[in-house]
Amino acid sequence: MISSPNSPISCQTPRVTVIGGGKVGSTLAQRVIEKNLADVVLLDVVEGMPQGIALDLMEARGIEGHDRQIIGTNDYADTVGSDIVVITAGLPRKPGMTRDDLLKINAKIAVEAAEKAIAHSPEALFIIVTNPLDVLTYLVWQATKLPSHRVMGMAGVLDSARFQTFIAMELGISFADVNAVVLGGHGDLMVPLPRYSTVGGVPITELMDTSTVERLVERTRNGGAEIVELMRTGGAYYAPASSTCLMVEAILQNQSRQVTAAAYLQGEYGLNDIFIGVPARLGCRGVEKVLELNLTDAERTALHTSAESVRKNIHRASEMLASV
Ligand code: TXD
């Protein structure tokens, strides 16, 4: 059937641009096309690399059985008309390096990438993955001048997935019954919330003793570093790509899914003018709503401490970008 101009069925396949064709970017591109979610443009500064990855993934289409297109490029002109732009470009963390050490290099990369991408895709939503992502999400929002609901950062989905995994492993149960919540910046100061983390609706604080909960919280906080220490050459990318793909899917399919994302706060949790991990509903407009959980004094203090660290780095990065 050929759809008429009045057909409610759109003939346009959604388009997702992934900037940075490294481990996270290429794995995300693979997930997006193999889940049939969108066509993908994979962009990197390294010549030939994104083109090679794209061709390799195209050659897998017949076997994987999907019809999505992927192109690899070094030219932002090829990203035109994207619905979502995901920024994964930057340097990964090396052993012993903190996320904040990466601030200087990655701030410049992310801001330049966002400015170039928005010029070709003025309607796009942006998801920032590059670290330190809470800070870079703010800088990208400023650089693109987009409404805040169209810019968000990915980390909370990953941190929550890690906490969920450790809870399920500890109890020897299916992850499917575990719902874990982690707020705050993606760093050592992130705020896992055991009271809101449940197994079939029962808070884990009722299922484990305090020291076990504390151990799992600590492991979650060190989740990224644990993998860096093991791998030695680079960091995690499978779960980060899956986490980002979940956000892409929630937006493209207008799912109104509640996840933790770095979203812009305007008074929620007593915080203003900052992007930080909070429960947010994601749909086709981006962040539809920020949900405010009731926090204890200790949880609220921990969130504010994390926010202060993000804010300090926003100032540091802004000064640095201004002096370049
Ligand atoms: O939870 C999270 N948000 C994270 C974030 C989880 C995992 C990884 N996290 C961060 O994502 C990580 O600390 C890095 O900052 C990014 C990307 O991690 P990845 O593991 O994919 O790094 P790679 O493999 O080094 O890939 C980075 C690519 C590489 O191919 C570079 O050539 C490219 O980025 N790059 C650029 N592309 C486009 N434009 C510019 N300027 C550029 N500079 C580097």
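Because the structure is a prediction, the values reported are computed rather than measured. (Residues numbered from 1 in each chain as written. Predicted model: local features only at pLDDT ≥ 70, side-chain atom pairs only at ≥ 80, totals over all residues. Heavy atoms only, no water.)

Asker: Give me the lowdown on the overall build of the protein, citing residues and values where you can.
Answerer: A count of helical and extended segments in the protein gives ten helices and 14 strands. A compact globule built from 324 residues should have a C-alpha radius of gyration of about 20 Å, and the protein, at 19 Å, falls within 12% of that. Along the first, second and third principal axes, the C-alpha atoms of the protein reach 60 × 50 × 45 Å. Counting every position in the protein, which comprises 324 residues, the buried fraction comes to 52%. Relative to all contacts within the protein whose residues are 6 or more apart in sequence, the contacts with residues 24 or more apart total 69%. Just so you have it, the protein exposes about 14,900 Å², and 52% of that area is on carbon and sulfur atoms. In the protein, 28 positive and 36 negative side-chain charges are present, and the distance between their average locations comes to 2 Å. (Helix = DSSP H or I, 4+ residues; strand = E, 2+ residues; numbered from the N terminus. Rg over C-alpha atoms; globule rule 2.2 N^0.38 Å. Buried < 20%, exposed > 50% of the residue type's maximum accessible area, 1.4 Å probe, protein only. Contact = heavy atoms within 4.5 Å. Areas by Shrake-Rupley, 256 points an atom, 1.4 Å probe, with all protein chains shown as cover. Lys, Arg positive; Asp, Glu negative; His and termini not counted. Charge placed at Lys NZ, Arg CZ, Asp CG, Glu CD.)

Asker: Please give an account of a nonpolar patch on the surface that cites residues and values.
Answerer: A surface patch of nonpolar side chains, amounting to about 250 Å² of accessible area, comprises L171, I173, V202 and L207. With respect to the element layout, V202 can be found in strand β11 (residues 202–203). Owing to a relative accessible area of 31%, V202 belongs among the partly exposed residues under this scheme. (Patch = residues over 30% accessible without salt bridge, like charges linked within 9 Å, V, L, I, M, F, W, Y side chains within 5 Å. Salt bridge = Lys/Arg side-chain N within 4 Å of Asp/Glu carboxyl O.)

Asker: Quick one: what's the story with unusual backbone geometry, residue by residue and with numbers?
Answerer: In this chain, N131 is followed by P132 through a cis amide linkage whose omega measures -5°. Within the element layout of this structure, P132 appears in the loop between β5 (125–128) and α5 (133–144). Positive phi is not limited to glycine here, since N254 has a value of about 45°. Positionally, N254 belongs in the loop between α9 (238–252) and β12 (257–266). Of note, the phi angle at S256 is positive, near 50°, even though the residue is not glycine. Within the fold, S256 resides in the loop between α9 and β12. Exposure remark for S256: the relative accessible area of 36% places this residue in the partly exposed category.

Asker: Break down the environment of E229 for me, citing the residues and quoting the values.
Answerer: Note that E229 resides in helix α8 (residues 223–231). Sequence-wise, E229 and P95 are 134 residues apart; in three dimensions their C-alpha atoms are separated by 6.0 Å. What E229 contacts, discounting residues up to four positions off in sequence, is P95 and G96.

Asker: Please provide a residue-by-residue account of the site of the ligand, values included.
Answerer: Looking at the ligand, there are 28 residues lining it, with K23, V24, D44, V129 and M154 nearest. At 2.9 Å, a backbone N or O of V129 approaches a nitrogen atom of the ligand. A distance of 2.8 Å separates a nitrogen atom of the ligand from a polar atom in the backbone of M154. About the coverage of the ligand: the protein hides 85% of its 860 Å² of free accessible area. (Near = heavy atom within 4 Å. Polar contact = N/O pair within 3.5 Å; in protein donor to acceptor, adjacent residues only side chain to side chain.)

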